[in-house]
Amino acid sequence: MTKADLSKRPEQVSSMFDRVSKKYDETNDILSMGNAPRWRVQTRHAIAPQPGEKILDVAAGTGTVSKVLADAGAKVTALDFSAGMIEEGKRIHGANPNIEFVQGDATKLPFDDNTFDASTVSFGLRNVQQPKVALQEMLRVTKPGGRLVIAEFSTPPQALIRTGYRAYMQLAMPSIVKLVSSDPEAYTYLNESIIAWPAQRELASWLREAGFERVKYRNLSAGVVALHKGFVPLAEAGSSSS
């Protein structure tokens, strides 16, 4: 995979996710060796959704995390760039009154300033063409004092685990994808996007640059995944981040 492949235009990435939408959740559960549901639970704990809160789930895909938050009583707006993902999410969770699916661009969120009590993105920020702009947008639409939680693949800090993880991604994962995915080429792109993604400390610095405060992160599965959390300053006016 070349660097050009990682520079796909937004419409190309959207089309790719459209193609994999119907088997996306099943494939991810297999590739994560059963860890994906546990990661969703840990993400929910980090967000700590409260009944009646308004939460924005960016790059929501089919709404797997949205459902977990909605089951806690939060009113969740599940936003995704892919029409196929939105369609599949509505098919699975359309009857849930606490979830609203919206097709939209993470770098140009179609919401007013200070709309949500919390924002979150799970395993999708790395697929946004301008992730730093998306962070600024999430800051803008989240209320002062509100929180942001990001669940994303990361870099295991221990060398032995890091080596094993890279070997799994480069050697074992392609074979598994050929068996379980409807579009192996798409997962080649996703695999490379994980390898190219910044490590924990750099992503934490991105949150601080965007304007979030009290930024911290916690490793899951020995650092294969990291949960980053930050808060919108209480004095933050939404328009000041634009």
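In what follows, the accompanying structure is described. (Residues numbered from 1 in each chain as written. Predicted model: local features only at pLDDT ≥ 70, side-chain atom pairs only at ≥ 80, totals over all residues. Heavy atoms only, no water.)

On to the packing of helix α6 (residues 131-141) against helix α9 (residues 200-210). The packing of two helices is summarised by the inter-axis angle and the distance between the axes. Put simply, α6 and α9 touch, their axes get as near as 9 Å, and they point 50° apart. For the element pair α6 / α9, the angle class is oblique. Crossing angle aside, the handedness with which α6 passes α9 is right-handed. Packed against α6, whose contacting residues are Pro 131, Lys 132, Leu 135, Gln 136 and Leu 139, the element α9 presents Trp 206, Leu 207, Glu 209 and Ala 210 at the interface. (Axes fitted to C-alpha atoms, helices over the stretch in contact; angles between N-to-C directions. Helix = DSSP H or I, 4+ residues; strand = E, 2+ residues; numbered from the N terminus. Parallel < 35°, antiparallel > 145°, perpendicular 65-115°, else oblique. Left-handed = near helix turned anticlockwise from the far one by under 90°. Contact = heavy atoms within 4.5 Å.)

Attention now moves to the sheet that holds strand β5 (residues 142-153). Working definition: the strands of a sheet are paired by backbone hydrogen bonds and lie parallel or antiparallel to each other. Sheet architecture is open: seven strands sit in the order β3-β2-β1-β4-β5-β7-β6, paired in mixed fashion. Either end of the sheet is taken by a strand with one partner, and the two such strands are β3 (99-103) and β6 (213-220). This sheet shows a mean twist of 15° between the axes of neighbouring strands, independent of strand direction. Contacts between helix α4 (residues 64-71) and the sheet are confined to β1 (54-58), β2 (75-80), β3 and β4 (116-122), with β2 contributing the most and set at about 170° to the helix. Against the sheet, helix α5 (residues 83-93) makes contact with β2 and β3, and its axis sits at roughly 165° relative to β3, the strand it touches most. (Pairing = 2+ DSSP bridges.)

All chains considered together, the criterion is met by eight salt bridges. One salt bridge in this structure joins Glu 88 and Arg 91, with 2.6 Å as the shortest N-O distance. A residue pair is termed a helical-turn pair when its members lie 3 or 4 positions apart in one helix, as Glu 88 and Arg 91 do in helix α5 at three residues. A relative accessible area of 59% means that Arg 91 is categorised as exposed. Ionic pairing is found between Lys 143 and Asp 117, a salt bridge with its closest N-O pair at 3.3 Å. On the criterion of sequence distance, the pair formed by Lys 143 in strand β5 and Asp 117 in strand β4 is long-range, its members being 26 residues apart. On the accessibility criterion, Lys 143 (30% relative accessible area) is partly exposed. Asp 117 sits in the buried class, given a relative accessible area of 18%. (Salt bridge = Lys/Arg side-chain N within 4 Å of Asp/Glu carboxyl O. Buried < 20%, exposed > 50% of the residue type's maximum accessible area, 1.4 Å probe, protein only.)

With that settled, consider the nonpolar core. Counting 31 residues, the largest nonpolar core has Trp 39, Phe 153 and Val 225 as the members making the most contacts within it. Only α3 (36-47), α4, β2, β3, β5, α7 (159-180) and β7 (225-231) provide two or more residues apiece to this core. Broken down by element, the residue count for this core peaks at five residues, all from α7. In this view, Phe 153 contacts Trp 39, Phe 123, Arg 126, Tyr 165, Ile 194, Trp 197, Val 224 and Val 225; residues no more than four positions away in its chain are not counted. Counting residues in hydrophobic clusters, the runner-up holds 27 residues, among them Leu 56, Val 102, Val 121 and Leu 207. (Core = buried A, V, L, I, M, F, W, Y, C linked by side-chain atoms within 4.5 Å.)

Moving on, we come to the pairing of β4. Moving residue by residue along a regular strand, the side chains alternate between the two faces of the sheet. Judged by how many residues are buried, β4 sits mostly within the fold: seven of seven residues are covered. As defined by bridge partners, β1 adjoins β4 across four bridges and the pair is classed as parallel. When the sheet's bridge partners are listed, Val 58 is paired in β4 with Val 121. For β4 and β5, the ladder comprises six bridges, and the chain directions are parallel. Looking at β5, one finds that Phe 116 is bridged to Thr 142. This β-α-β element, β4 to α6 to β5, shows right-handed connectivity. (Right-handed = clockwise from strand over helix to strand, strands pointing away.)

Counting buried positions along β2 yields five of six residues, so the element is predominantly enclosed. Sheet analysis places β1 next to β2, joined by five bridges and oriented parallel. Residue Asp 57 lies in a different strand from β2, and its bridge partner there is Ala 78. In this region the chain leaves β1, passes through α4 and returns to the parallel neighbour β2; the handedness of that crossover is right-handed. Judged from the five bridges that link them, β2 and β3 form a sheet pairing that is parallel. Paired with Asp 80 across the strands is Gln 103, a residue of β3.

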